[in-house]
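Spelled out, the chains give:
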Amino acid sequence: REVYDFFRECLSVGRELIKKRQLHKNYTIDFLENEVKRRKGKDLFRSIVWNRLIKLGWKYDCSDTNEKPMYIPPGVNVEKEQWILGEHYFDNSLHVVDFLDQNEEWRSKDSTLKIRELYNACLTVQKEYIASDSDVGTTLSASWIETETKKRKPYLANY
């Protein structure tokens, strides 16, 4: 059943990319599998990190004039035209995580420490399942990974 669900997900991604004319005829199922895994990584970011950052005042903007998303930390009091990438906004979930790791103010907050610890523990669980030759690793949902992580690390259960 899990292989069937994953295959259906690959087909869905393939159809979507064909509609956007972003899928070349030479792409293989390996490409689609990697694309599905990449999207699941984004799901993990949204589920674990982003939902908690929203509670801390972060905002998300994806206006018509900007194709890339903009993750905006709280307290940005500068006109949008003067925003600097990496300071007033971030255009990539990995950049947000890097910012949380590197920015002194955010790195030292207890809430940020918990977010980072939970996210890193979830990534570890996800990698373990993907590394096992089980097909389960490619079909895991972000909520399942979070639940499994909290079972393994009960001290993270309340966050």
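Structure: above.
Rules behind the numbers
- One numbering rule holds for all chains: residues counted from 1, following each sequence as written.
- Totals for whole chains, interfaces and linings use every residue, but because this is a predicted model, local features are given only for residues with pLDDT of at least 70 and side-chain atom pairs only at 80 or more, for both listing and counting.
- By convention in this description, side-chain values take in all heavy atoms of the structure and omit both hydrogens and water.
- Secondary structure counts use DSSP, requiring at least four H or I residues in a row for a helix and at least two E residues in a row for a strand, with both numbered from the N terminus.
- The contact criterion used throughout is that any non-hydrogen atoms of two residues lie within 4.5 Å.
- To measure how exposed things are, a 1.4 Å probe is used in the Shrake-Rupley method; for residues, cover is taken only from the protein chains shown.
- Any carboxyl oxygen of Asp or Glu within 4 Å of a side-chain nitrogen of Lys or Arg constitutes a salt bridge here.
- The cut-offs for exposure are 20% and 50% of the maximum accessible area for each residue type, with area from a 1.4 Å probe on protein chains only; residues under the lower value are buried, those over the upper are exposed, and the others partly exposed.
- The pairing test for Phe, Tyr and Trp rings, Trp by its six-membered ring, is centres within 6.5 Å, and the orientation test on the planes gives stacked under 30 degrees, edge-to-face over 60, and tilted for anything in between.
- Sitting over a ring, as applied to charges here, requires NZ of Lys or CZ of Arg to be within 6 Å of the ring centre and within 35 degrees of the ring normal.
- An axis is simply a line fitted to the C-alpha atoms; with a helix, the fit covers only the stretch in contact. Between two such axes, the angle follows the N-to-C directions and lies from 0 to 180 degrees.
- Between 65 and 115 degrees an angle is taken as roughly perpendicular, under 35 as roughly parallel, over 145 as roughly antiparallel, and anywhere else as oblique.
- Charged residues are taken to be Asp, Glu, Lys and Arg, nonpolar residues to be Ala, Val, Leu, Ile, Met, Phe, Trp, Tyr, Cys and Pro, and polar residues to be all remaining types, Gly included.
- Picture the helix axis, draw a direction to every C-beta atom, and the arc is the one those directions span.
- Polar contacts here mean pairs of N or O atoms no more than 3.5 Å apart (in protein, one a potential hydrogen donor and the other a potential acceptor; neighbouring residues in sequence count only if both atoms are side-chain atoms).

Trainee: How would you sum up the overall build of the protein chain? Please name residues and give values.
Mentor: Helix and strand counts for the protein chain stand at six helices and two strands. Restricting the contact set of the protein chain to residue pairs at least 6 apart, pairs at least 24 apart contribute 45%. Taken as a whole, the protein chain presents about 10400 Å² of accessible surface, with 49% of it coming from carbon and sulfur.

Trainee: Mind laying out the pattern of salt bridges, listing which residues take part and the relevant values?
Mentor: Oppositely charged side chains can form a pair if their charged atoms are brought close together. Under the definition given, this model contains eight salt bridges. For Asp61, the salt bridge identified is with Lys80, shortest N-O distance 2.4 Å. Pair noted here: Asp61 is in strand S1 (residues 59–61) and Lys80 is in the loop between strand S2 (70–72) and helix H3 (93–102), with a separation of 19 residues, a long-range link. Since its relative accessible area comes to 37%, Lys80 is described here as partly exposed. Via salt bridges that share partners, Arg52, Glu146 and Lys150 belong to a single interconnected network.

Trainee: Describe in detail the side chain of Ser111, supporting the description with residues and values.
Mentor: Tracing the sequence through the fold places Ser111 in helix H5 (residues 110–131). Look at Ser111 and you get buried, because its relative accessible area is 19%. What Ser111 contacts, discounting residues up to four positions off in sequence, is Leu56 and Tyr159.

Trainee: Describe the packing of aromatic side chains, and please don't skip the residues or the numbers.
Mentor: Overall, the coordinates contain 11 aromatic pairs when judged by the stated rule. Aromatic rings pair up to connect Phe45, Trp50, Trp58, Tyr60, Tyr71, Phe90, Phe99 and Trp106 into one cluster. Across from the ring centre of Trp106, 3.8 Å away, lies the NZ or CZ of Lys109, which sits over that ring.

Trainee: Describe the packing of H5 against helix H6 (residues 142–152), naming the residues involved and giving the relevant values.
Mentor: Axis separation between H5 and H6 bottoms out at 9 Å; the angle between their running directions is 105°. In terms of their interaxial angle, H5 and H6 are classed as roughly perpendicular. Residues Leu118, Ala121, Cys122, Val125, Gln126, Glu128 and Tyr129 of H5 form the contact with H6, whose own contacting residues are Trp144, Ile145, Glu146, Glu148, Thr149, Lys150 and Arg152. Partitioned by chemical class, the residues of the contact of H5 with H6 number seven nonpolar, two polar and five charged.

Trainee: Kindly report on H3, identifying the contributing residues and their values.
Mentor: Listing the buried residues of H3 in full gives Ser93, Val96, Val97, Phe99 and Leu100. Take H3 and look down its axis: the buried residues cluster within an arc of 155°, on one side only. Residues of H3 that are exposed and point over 90 degrees away from its buried face: Leu94 and Gln102. Of the residues flanking the start of H3, the one acting as N-cap is Asn92, its side-chain oxygen 2.6 Å from the backbone nitrogen of Leu94.

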